[in-house]
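Each chain, letter by letter, is given below.
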Amino acid sequence: MAHNASARTIVSGRALPLREDDVDTDRIIPARYMKGVSFEGLGDFAFRDARFDESGKPTGHPFNDPRFAGASILVVNRNFGCGSSREHAPQALSRAGIAALVGESFAEIFAGNCVSLGIPAASVGHEAAREIQDLVGSDPSLAVEVDLEAREVRAGVRRFALSMPESHRKALVTGLWDSTAELLPGAAAVRALAGERGRSARLPYLGWARAGS
Amino acid sequence: MSANLFDKVWEAHKVGSLPSGRDQLFIGLHLVHEVTSPQAFAMLAERGLKVAYPERSFATCDHIVPTADQSRPFGDPQAEVMMAALEANAAAAGITFFGLDSGRQGIVHVIGPELGLTQPGMTIACGDSHTSTHGAFGAIAFGIGTSQVRDVLATQTLAMDRPKVRRIEASGSLGLGVGAKDLILFILSRLGVEGGLGYAYEYSGPAVRALGMEARMTLCNMSIEGGARAGYVSPDEATFAYVRGRPYAPAERDWEAALAYWRSVASGPDASFDDEVSIDASAIEPMVTWGVNPGQGIGVSERMPRLAELEPERRDGARLAYAHMGFAEGDRIAGKRIDVAFIGSCTNGRISDLREAAAIAKGRKVAKGVRALVVPGSQAVAAQARLEGLDLVFKEAGFEWRGAGCSMCLAMNPDKLVGSQLCASSSNRNFIGRQGSSLGRTLLMSPAMAAAAALSGEVVDSRSF
């Protein structure tokens, strides 16, 4: 029972470079903008503190740069998305128009959250990430493609090998990235593991009584 | 060679292999809070799904809870909406909720252990990256995103790739006045904030064995700061003694069975690992961060690194850090004037942390111009502190004594830095903007060091008190 999941084999579009290592999810979406019970409207607050100074004046952040308006592929550096597990971060990026990320490396929880939303986060290595940033920096109209089938990122005529956990790649290209849909068919096996009334051979703790109340 | 704890616990909880190649992993304990769960409950409802195992989820409120005036409705209408949503979702699903009137509310990573919910040999997930805290008990515990919160609610399982396991062996012993916070900041300064990508960390060695349970929680808490999604300490007698008798701990009639299971999953002396790192704990002094990620830390007697001394790939980050912090390469960290001191958080908001800070604060006064806050990690911690008179020690010294919550660690509540204030903080992240002001600056350190800074008005070696 797939739920709105479709294969994500190729993402094509224009790209924008964000040059910095260790960009944490507090930077991507500051916590004070997470005060809500849905992800609606988060796109407006992506990189809010980096995009505007204290007086509310726009900075030179790439997300403010008209040359990159409408870009859908974010090109980053090392350990992007570190810190808090907030799914608000990829949700904000997605709602700001980002459909794929390319970079040197990604923090694990962030990369997993991207897969949950059908967003590829492709690693291309230190040099390649910088080269792609240079290419799109000098020509923001450059056509960029993230091709999970061919396992490469194409930027104009240049090609760069990409890598990501094979399970992430497989989930995206087969449309299995909706993890709840992938997990639900295992319900009977879960019941078998958890056992009747907590009597589980492998997980004895499920049946223990509590010391207190 | 034998399997390590991580592999044994993973194997016990593995339901099967999924079409994507990931493992389907059963989650023994799911902890829920108000920020990352409402969207998950909504997604569940949208699909017509129910919570599969409500008795294995427990909820509390921590991130948005005000720590000064906790009366309802909250002063912040958005916070009130989030709180009300969690109460309604938990009630509808039959999930136990530890609210403000329960006496058991607190930061989710503080109350799990103190209620005995957290036990060795479990898999534990929560929509919060500091879930690694629970690894202190020899559990596999990791943070998840909201879509994965939906997965756990709907199926009690997660789709996961098994990480590799790195053993970090801390030899020797920590010196007097040096603790778990210093140990983890030292590890982060050596292995970097991305060094743990793809790994779970097993902390071992005599310096780790000597730590009490709360100190082990501090250590495991910041595993995620090193890029490792999970960190743990294999359980021992100290672990079992801590768990015994707590409300959700195994009853006495199941105690022997519990011990047998817990001992069976412990890493043996011949356990194998994918990677091993050794550090000498004896060489560590109280640590303080000087930058904008938790790996940018030095000993309190040291100077901030010169760019030329750093590995080339760390120089850009250091440049950014110095620009934001207003520090210069080669500066001493000791003597930096602070504006705010914050003692609390899931890293250092437990009773042992408060005792450590109170021992420094007792009979002294917070420096003029410094705002100092003590925020207990839970209502139970607050009650114990009052029993011991620690609240009075803090108040007499000029600290603000607050109600339980995440407070100024992430500033989703009224506790925030203002402008470019410099904060001596016992929390876990010095990211730009983390404490609520985009210009705010954070120095991570132990509760003793934060208390000493509050009294001195500047960064100072707490061992001199």
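Residues numbered from 1 in each chain as written. Chains lettered and ligands numbered in written order. Predicted model: local features only at pLDDT ≥ 70, side-chain atom pairs only at ≥ 80, totals over all residues. Heavy atoms only, no water.

Overview of the overall build of chain B
So, step 1. A tally of regular secondary structure across chain B gives 16 helices and 19 strands.
So, step 2. Whereas a compact globule of 465 residues would reach a radius of gyration of roughly 23 Å, chain B reaches 21 Å, a difference of no more than 12%.
So, step 3. Along the first, second and third principal axes, the C-alpha set of chain B runs to 55 × 55 × 45 Å.
So, step 4. Sorting the 465 residues of chain B into buried and exposed places 68% on the buried side.
So, step 5. Counted over contacts in chain B with a minimum sequence separation of 6, partners at least 24 positions apart contribute 75%.
So, step 6. Element-wise, carbon and sulfur atoms account for 52% of the exposed surface of chain B, whose accessible area totals about 14,300 Å². (Helix = DSSP H or I, 4+ residues; strand = E, 2+ residues; numbered from the N terminus. Rg over C-alpha atoms; globule rule 2.2 N^0.38 Å. Buried < 20%, exposed > 50% of the residue type's maximum accessible area, 1.4 Å probe, protein only. Contact = heavy atoms within 4.5 Å. Areas by Shrake-Rupley, 256 points an atom, 1.4 Å probe, with all protein chains shown as cover.)

What about the interface of chain A and chain B?
So, step 1. Facing 66 residues of chain A, the contacting portion of chain B comprises 89 residues.
So, step 2. Scanning the region where chain A abuts chain B turns up six salt bridges.
So, step 3. Among the ionic pairs, Arg150(B) bridges to Asp178(A), the shortest N-O distance being 3.7 Å.
So, step 4. At the junction of chain A with chain B, the criterion picks out 31 residue pairs in polar contact (both at pLDDT 80 or more).
So, step 5. At the level of elements, α1 (25-28), α4 (108-116), α6 (166-174), α7 (179-183) and α8 (187-194) of chain A are the ones that each hand at least two residues to the side of chain A that touches chain B. (Salt bridge = Lys/Arg side-chain N within 4 Å of Asp/Glu carboxyl O. Polar contact = N/O pair within 3.5 Å; in protein donor to acceptor, adjacent residues only side chain to side chain.)

Looking at the pairing of strand β2 (residues 23-26) of chain B
Residue and element names in this part refer to chain B.
So, step 1. Burial of β2 is two-sided: the residues Asp23 and Leu25 facing one way and the residues Gln24 and Phe26 facing the other way are all buried.
So, step 2. As judged from the three bridges shared by strand β1 (residues 14-17) and β2, these two strands associate in the antiparallel manner. Of the residues in β2, the one forming a bridge with Ser17 is Asp23.
So, step 3. Connecting β1 to the next strand, β2, in antiparallel fashion are five residues, including Gly21 with a positive phi near 100°.
So, step 4. In terms of strand pairing, β2 meets strand β8 (residues 157-160) through four bridges, oriented antiparallel. In the strand pairing of β8, Leu25 is matched with Leu158. (Pairing = 2+ DSSP bridges.)

Notes on the sheet that holds strand β10 (residues 199-204) of chain B
Residues and elements named next belong to chain B.
So, step 1. Taken together, four strands build an open sheet; the order of strands is β11-β10-β9-β12 and the sheet is parallel. Since the sheet does not close on itself, it has two edges, and those belong to β11 (230-232) and β12 (275-280), each with one partner. Each adjacent strand pair in this sheet contributes to an overall mean axis angle of 20°, direction not counted.
So, step 2. Inspection of the sheet shows β10 paired to β11 by three bridges, in the parallel sense. (Axes fitted to C-alpha atoms, helices over the stretch in contact; angles between N-to-C directions.)

Some thoughts on the domain arrangement of chain B
All names here are of chain B.
So, step 1. On domain assignment, one finds that chain B holds domain 1 (5-160), domain 2 (164-235 + 264-283) and domain 3 (294-464).
So, step 2. On a C-alpha basis, the centres of domain 2 and domain 3 stand 22 Å from each other.
So, step 3. Taken together, the 19 residues of domain 2 in the interface contact 20 residues of domain 3.
So, step 4. Looking only at domain 2, the three residues that lose the most surface to domain 3 are Lys181, Glu214 and Glu225, adding up to 35% of its buried area.
So, step 5. Counting every contact that joins domain 2 to domain 3 gives one salt bridge.
So, step 6. Of the charged contacts, one joins Glu225 and Arg429 as a salt bridge, the two residues approaching to 2.7 Å between their closest N and O atoms.
So, step 7. Taken together, domain 2 and domain 3 are joined by nine residue pairs in polar contact (both at pLDDT 80 or more).
So, step 8. Elements supplying a minimum of two residues to the side of domain 2 that touches domain 3: α6 (180-191) and α8 (213-221).
So, step 9. Sort the elements by how many residues they give to the side of domain 2 that touches domain 3 and α6 lands first, with seven residues.
So, step 10. Here the residues of the side of domain 2 that touches domain 3 are counted per class, giving nine nonpolar, five polar and five charged. (Domains from an automatic or database assignment. Buried area = accessible area lost by both parts, 1.4 Å probe. Nonpolar A, V, L, I, M, F, W, Y, C, P; charged D, E, K, R; others polar.)

Quick notes on the pattern of salt bridges
So, step 1. Counting across every chain of the model gives 44 salt bridges over all chains.
So, step 2. With its nearest N and O atoms 3.0 Å apart, the salt bridge here joins Asp134(A) to Arg19(A). Taken together, the positions of Asp134(A) in helix α5 (residues 126-138) and Arg19(A) in the loop between β2 (15-17) and α1 put the pair 115 residues apart, joining distant regions of the chain.
So, step 3. The residue Asp275(B) makes a salt bridge to Arg166(B) at a minimum N-O spacing of 2.6 Å. In this pair, Asp275(B) is assigned in strand β12 and Arg166(B) in strand β9 (residues 164-171), connecting sequence segments 109 residues apart.
So, step 4. Where salt bridges share partners, they join Glu145(A), Asp147(A), Glu152(A), Arg154(A) and Arg159(A) into one cluster.

Quick notes on helix α5 (residues 146-155) of chain B
Residues and elements named next belong to chain B.
So, step 1. Within α5, 10 of the 10 residues are buried, which leaves the element mostly enclosed by the surrounding structure.
So, step 2. Listed as buried for α5 are Thr146, Ser147, Gln148, Val149, Arg150, Asp151, Val152, Leu153, Ala154 and Thr155.
So, step 3. At the C-terminal side of α5, Gln156 shows a positive phi close to 60°.

Brief notes about unusual backbone geometry
So, step 1. The step from Arg72(B) to Pro73(B) runs through a cis peptide bond, and the omega angle for that step is -10°.
So, step 2. Positive phi outside glycine occurs at Asp22(A), with the angle close to 55°.
So, step 3. You can see Asp22(A) is positioned in the loop between β2 and α1.
So, step 4. Overall, the relative accessible area of 12% leaves Asp22(A) in the buried class.
So, step 5. We note that Phe47(A) has phi near 55°; this positive angle belongs to a residue other than glycine.

A word on the side chain of His324(B)
So, step 1. Relative to the assigned elements, His324(B) resides in helix α11 (residues 312-325).
So, step 2. What makes His324(B) buried here is its relative accessible area of 18%.

Quick look at the domain arrangement of chain A
So, step 1. When the domains of chain A are assigned, the result is domain 1 (10-177) and domain 2 (178-213).
So, step 2. The C-alpha centroid of domain 2 of chain A is placed 37 Å from the C-alpha centroid of domain 1 of chain A.

Here's the deal with the sheet that holds β2(A)
All names here are of chain A.
So, step 1. Taking strand neighbours across the sheet as the criterion, the four strands line up as β2-β3-β4-β5 in an open arrangement whose pairing is parallel. On the outer flanks of this sheet lie β2 and β5 (121-123), each paired with one strand and no other. Adjacent strand axes in the sheet meet at a mean angle of 20° when their direction is disregarded.
So, step 2. When strand β3 (residues 73-75) meets strand β4 (residues 100-103), the two strands line up parallel, connected through three bridges. Bridge assignment links Val75 to a residue of β4, and that residue is Val102.
So, step 3. Here α5 sits on the sheet in contact with β2, β3 and β4, set at roughly 115° to β2.

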